[in-house]
Amino acid sequence: MEFTAEQQMRYARHIALQEVGEEGQEKLLSGRVLVIGAGGLGSPAAMYLAAAGVGHIGIADADVVDLSNLQRQIAHGTKDVGKAKVKSMQETIERMNPDVRVHTYPMFVEEGNIMGLLEDYDFVLDATDNFDAKFLINDACVKAGKPFCHAGILGFAGQLMTYVPGKGPCYRCIFRNPPPKDAVPGCAQVGIIGAVPGVIGSLQAMEALKFLVGAGELLTGRLLTYDALKMEFRTVRLPHQVPDCPVCKVSLQDSE
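Okay, so let's go over this structure. All values reported here derive from a predicted model rather than from experimental measurement. (Residues numbered from 1 in each chain as written. Predicted model: local features only at pLDDT ≥ 70, side-chain atom pairs only at ≥ 80, totals over all residues. Heavy atoms only, no water.)

### Points about the overall build of the protein
Rules: Note on conventions: DSSP H or I runs of at least 4 residues are helices, E runs of at least 2 residues are strands, and numbering of each starts at the N terminus. We compute the radius of gyration from the C-alpha atoms alone; for a globule the expected value is 2.2 Å times N to the 0.38, where N is the number of residues. Contacts were defined at the residue level, with two residues in contact if any of their heavy atoms lie within 4.5 Å. Calculation of accessible area relied on Shrake-Rupley with a 1.4 Å probe; when residues are assessed, cover is drawn exclusively from the protein chains displayed.
Of the regular secondary structure elements, the protein holds 11 helices and eight strands. Here the C-alpha atoms of the protein give a radius of gyration of 18 Å, agreeing with the 18 Å that 2.2 N^0.38 yields for 256 residues. When the backbone C-alpha atoms are referred to their principal axes, the protein occupies close to 55 × 45 × 40 Å. Of all intrachain contacts in the protein linking residues separated by at least 6 positions in sequence, the fraction that spans at least 24 positions is 66%. Carbon and sulfur atoms make up 53% of the accessible area of the protein, which amounts to about 12600 Å² in all.

As structure tokens, then:
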């Protein structure tokens, strides 16, 4: 493709990178990333994807902006309180980069609609805040053969891992089943320092960008943990595959 003068200027720092260049920027502009969750993780992730020039960004979330969100959900502002989060985020992205086409899905992502949502996307970001959604996203992505990046945050901590079909374990391989309802308190009960989702959501965007460009190593087979109080990152090696994983096992059988 031919870059316009404005695009040459906008993406100059990407084009200067040996690992990206014009070819990589073209891949970003034709790339399609679905962000499920338009809150603390989804905000920085979507904004960095948009700034990078990812051409199609899908945003799925059924919630509206609440005043209590604004301490961390940087895609939204005070004037957006009461507005659908997908609409607020769409407006923020469109102000940032006119190259990006935003597709909004103001709905709860559930078993009946998730496979249809995944169809048109190259990479998925799990930016949700509850275990049921995380296991749903994992199971659907494994079944559909879609790579995705999981993230979780609480208090001053966060974690991150990436699944690519055939490259390592899925989320259910490691965590198996959701915990019992109310067994693990959420951010509303424990709290969350605002910058932690900024760190982890930005790392999710980085995983998507590396996947689209084809540069570097993804967090496949590894779980990255972050402790903001100690300012420590740790990488935990994961088993390549868990033979009795109910999702991967079924997926492998289906592909035979």
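### Observations concerning the sheet that holds strand β8 (residues 232-237)
The criterion, for reference: Any two strands with at least two DSSP-identified bridges between them are counted as paired. In this analysis, axes come from line fits to C-alpha atoms, helices being fitted only over the stretch in contact, and the angle between any two N-to-C directions falls in the range 0 to 180 degrees.
The strand order across the open sheet formed by eight strands is β3-β2-β1-β4-β5-β6-β7-β8, and the pairing between neighbours is mixed. Two strands lie at the open edges of the sheet, namely β3 (101-105) and β8, each paired on one side alone. Averaged over neighbouring strand pairs, the angle between their axes works out to 15 degrees when direction is ignored. Inspection of the sheet shows strand β6 (residues 157-163) paired to strand β7 (residues 222-227) by four bridges, in the antiparallel sense. Within β7, the position partnered with A157 by the bridge is D227.

### Structural notes on a nonpolar patch on the surface
Short version of the rule: Patch membership requires more than 30% relative accessible area and the absence of a salt bridge. Residues of like charge join within 9 Å; the nonpolar side chains Val, Leu, Ile, Met, Phe, Trp and Tyr join within 5 Å. Counted as salt bridges are all cases of a side-chain nitrogen of Lys or Arg within 4 Å of a carboxyl oxygen of Asp or Glu.
On the surface, F156, I193 and L229 cluster together to form a nonpolar patch covering roughly 290 Å² of accessible area. Position of I193 among the secondary structure elements: in the loop between α9 (187-190) and α10 (195-213).

What is shown is where atoms sit, not what they do.
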